[in-house]
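Now for the letters of each chain:
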Amino acid sequence: MRRIVIIGGGIMGSAIAYSLARAGMVAEVTVVEPDPTYEFAATPRAVGGVRLQHAVPENVQMSLYGDTVYSAFDQHVTGGKVTFDPQFHRIGYLFLVEGAEAIASLEANVRMQKALGVEVDIFETAELRRRYPSFTFAGSDVGALSPGDGQIDPNAALMGYRRAAEGLGITYLKDRVVGLDVAGNRVTAARLESGATLPVEIVINTANCWSADVCAMVGVKVPIEPMRRQQFHFLSQDPVETFPAMRHLRGFAVRQHSGVYLCGHTNFNEPGGFNWDLQHEVFEEHLWPQLAEQCHAFETIKPRGGWVGHYDMNRLDGNPVIDWVDSVPNFLLCAGFSGHGLQHAPAVGRAVKELILDGGFRSIDLSRFSWRRIVDGTPIPDDGPKA
Ligand SMILES: Cc1cc2nc3c(=O)[nH]c(=O)nc-3n(C[C@H](O)[C@H](O)[C@H](O)COP(=O)(O)OP(=O)(O)OC[C@H]3O[C@@H](n4cnc5c(N)ncnc54)[C@H](O)[C@@H]3O)c2cc1C
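Residues numbered from 1 in each chain as written. Predicted model: local features only at pLDDT ≥ 70, side-chain atom pairs only at ≥ 80, totals over all residues. Heavy atoms only, no water.

Re the domain arrangement of the protein chain
- Per the domain assignment, the segments making up the protein chain are domain 1 (4–85 + 153–222 + 316–376) and domain 2 (89–150 + 225–313).
- Here domain 1 and domain 2 have C-alpha centroids that lie 28 Å from each other.
- Of the roughly 2,300 Å² buried between domain 1 and domain 2 on both sides combined, carbon and sulfur atoms contribute 59%.
- Area buried by domain 1 at its contact with domain 2 is led by R45, V47 and Q53, which between them contribute 30% of it.
- Here domain 1 and domain 2 share 1 salt bridge between them.
- With its nearest N and O atoms 2.7 Å apart, the salt bridge here joins R90 to D67.
- Remark: the boundary between domain 1 and domain 2 carries 12 residue pairs in polar contact (both at pLDDT 80 or more).
- Of the residues that constitute the side of domain 1 that touches domain 2, the class distribution is 15 nonpolar, 11 polar and 3 charged. (Domains from an automatic or database assignment. Buried area = accessible area lost by both parts, 1.4 Å probe. Salt bridge = Lys/Arg side-chain N within 4 Å of Asp/Glu carboxyl O. Polar contact = N/O pair within 3.5 Å; in protein donor to acceptor, adjacent residues only side chain to side chain. Nonpolar A, V, L, I, M, F, W, Y, C, P; charged D, E, K, R; others polar.)

Take a look at the structure:
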């Protein structure tokens, strides 16, 4: 029997555990997760977007599979004693750009997305103003609109996967991996905070923002670090029509969310690492003026607080590693999702099951998300939105 230890029971670890359980590997798999409340984990802090617009085709393919699973969750994720509904609904995404170079790359990306089956079209701002008359689209020339992109409740998706995996017999240990024993070039055991030791034949690192610490336990370095994302809620005094999640390539993002409006902010220039401060002055001084410029109704808004979460940012290229680490060939790294892991978790669960049971990717070829590119320092070209 192969003993598989999954380090981290967020959506990624749980989707992998579920896929392995469905394939009949129940007895072999243990998920080690220290915090059943997931207080600091990324998953419950995610916004919940399942967006189909990406610049890397594999990311589009993974999102399409995320759409398939999340839009019919009760049919795809079964076996739990309690069921959860992630409440998938279609909100659409609108990516706004300015300048000839950005338009050319948006057009190329849209051609690729269409070829993969995504409904997406580019509109000039005059047409966008006709559709969304409250918005000025100042500073944008065109926008790519994909009306089918979805929105889910991230915590329900996590709990749905976890309870289904547990219902099928997977064990979740409330503990933390504090060390990995390596003999030759293979991990032989996981040492736990409680003092226990788990013998292992395969280790899967799904510790997200903590994944670099887990890599360090086997002596490898990975350029993945926590990167703060701040989310600010606000109410609008004047009504605004229903609009898709809007994102400017320069980073500004606004959407309707659970009866309020939501504006996200990441400062790529700040040092990586955990920082739980919500900077209200960033909203007041930096985001609010942009909101008011984009939509006059947002001149008289009422800020309603917000929250902070962290992306597991892959500083090499903003894309994940889903691969065996070649210097430690029974250590599988699944991290670096850089802000889009929730939508990709169903595809990653299936892909890791294929890597382990079939010896390679079968459904979507994810071989470009390799460990080798980290060692060689060769980023995947990606001119899509980074946050
Ligand atoms: C503000 C914000 C908004 C986002 N919005 C979106 C979105 O709209 N769409 C989207 O697709 N994605 C979004 N994301 C990204 C998404 O949340 C993540 O990519 C995804 O949740 C990662 O899941 P995970 O299981 O890898 O990580 P996590 O949920 O962080 O789980 C990792 C787990 O590992 C555990 N762990 C850590 N160290 C150890 C150890 N030593 N031993 C055992 N366990 C350990 C932790 O306790 C944690 O529970 C967003 C993220 C943030 C922060």
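Side note on unusual backbone geometry
- Of note in this structure, Y38 is not a glycine but carries a positive phi near 55°.
- Here F137, not a glycine, exhibits a phi torsion of approximately 55°, which is positive.
- Within the element layout of this structure, F137 appears in the loop between α5 (125–131) and β7 (142–146). (Helix = DSSP H or I, 4+ residues; strand = E, 2+ residues; numbered from the N terminus.)

Examining the packing of helix α1 (residues 11–22) against helix α6 (residues 154–167)
- Between α1 and α6, the shortest axis-to-axis distance is 8 Å and the interhelical angle comes to 35°. Here α1 runs over α6; the crossing is left-handed. Each of I11, S14, A15, A17 and Y18 in α1 lies in contact with α6, whose residues at this interface are A157, L158, Y161, R162, A164 and A165.
- Looking at the contact of α1 with α6 residue by residue, the class counts come to 9 nonpolar, 1 polar and 1 charged. (Axes fitted to C-alpha atoms, helices over the stretch in contact; angles between N-to-C directions. Left-handed = near helix turned anticlockwise from the far one by under 90°. Contact = heavy atoms within 4.5 Å.)

Thoughts on the nonpolar core
- Counting 51 residues, the largest nonpolar core has I4, Y70, Y161, I204, I322, V348 and V352 as its most contacted members.
- Counting residues per element, the ones that place at least two in this core are β1 (4–7), α1, β2 (29–32), α2 (57–71), α6, β13 (202–205), β20 (328–335) and α9 (341–357). (Core = buried A, V, L, I, M, F, W, Y, C linked by side-chain atoms within 4.5 Å. Buried < 20%, exposed > 50% of the residue type's maximum accessible area, 1.4 Å probe, protein only.)

Re the site of the ligand
- What surrounds the ligand is a group of 33 residues, the closest being E33, A42, T43, G49 and Q343.
- One of the side-chain N or O atoms of T43 is found 2.5 Å from an oxygen atom in the ligand.
- A distance of 3.1 Å separates a nitrogen atom of the ligand from a polar backbone atom of V47.
- Computed on the free molecule, the ligand has an accessible area of 1,000 Å², of which 96% lies beneath the protein chains in the complex.
- For the shell around the ligand, the class distribution of residues is 16 nonpolar, 14 polar and 3 charged.
- Lining the shell around the ligand are residues from two domains, each supplying at least three of them: domain 1 (4–85 + 153–222 + 316–376) and domain 2 (89–150 + 225–313). (Near = heavy atom within 4 Å. Areas by Shrake-Rupley, 256 points an atom, 1.4 Å probe, with all protein chains shown as cover.)

Thoughts on the sheet that holds strand β3 (residues 49–50)
- Within the open sheet, the 3 strands sit side by side as β3-β8-β4. Their pairing is antiparallel. Of all the strands in the sheet, the pair left with one neighbour each is β3 and β4 (89–90).
- Summarising the sheet, β4 and strand β8 (residues 150–151) pair through 2 bridges and their orientation is antiparallel. Looking across to β8, one finds that H89 is bridged to Q151. (Pairing = 2+ DSSP bridges.)

As for the environment of T83
- Assignment of secondary structure puts T83 in the loop between α3 (73–76) and β4.
- Here the alpha-carbon distance between T83 and E225, two residues 142 residues apart in the chain, equals 33 Å.

Regarding the sheet that holds β13
- Taken in spatial order, the 6 strands of this open sheet run β9-β2-β1-β13-β20-β19, and their pairing is mixed. A strand with exactly one partner marks an edge of an open sheet, and here the two such strands are β9 (171–173) and β19 (321–325). Between one strand axis and the next, the sheet turns through 20° on average, direction left out of account.
- Relative to β20, β13 runs parallel, the two being bridged by 3 bridges.

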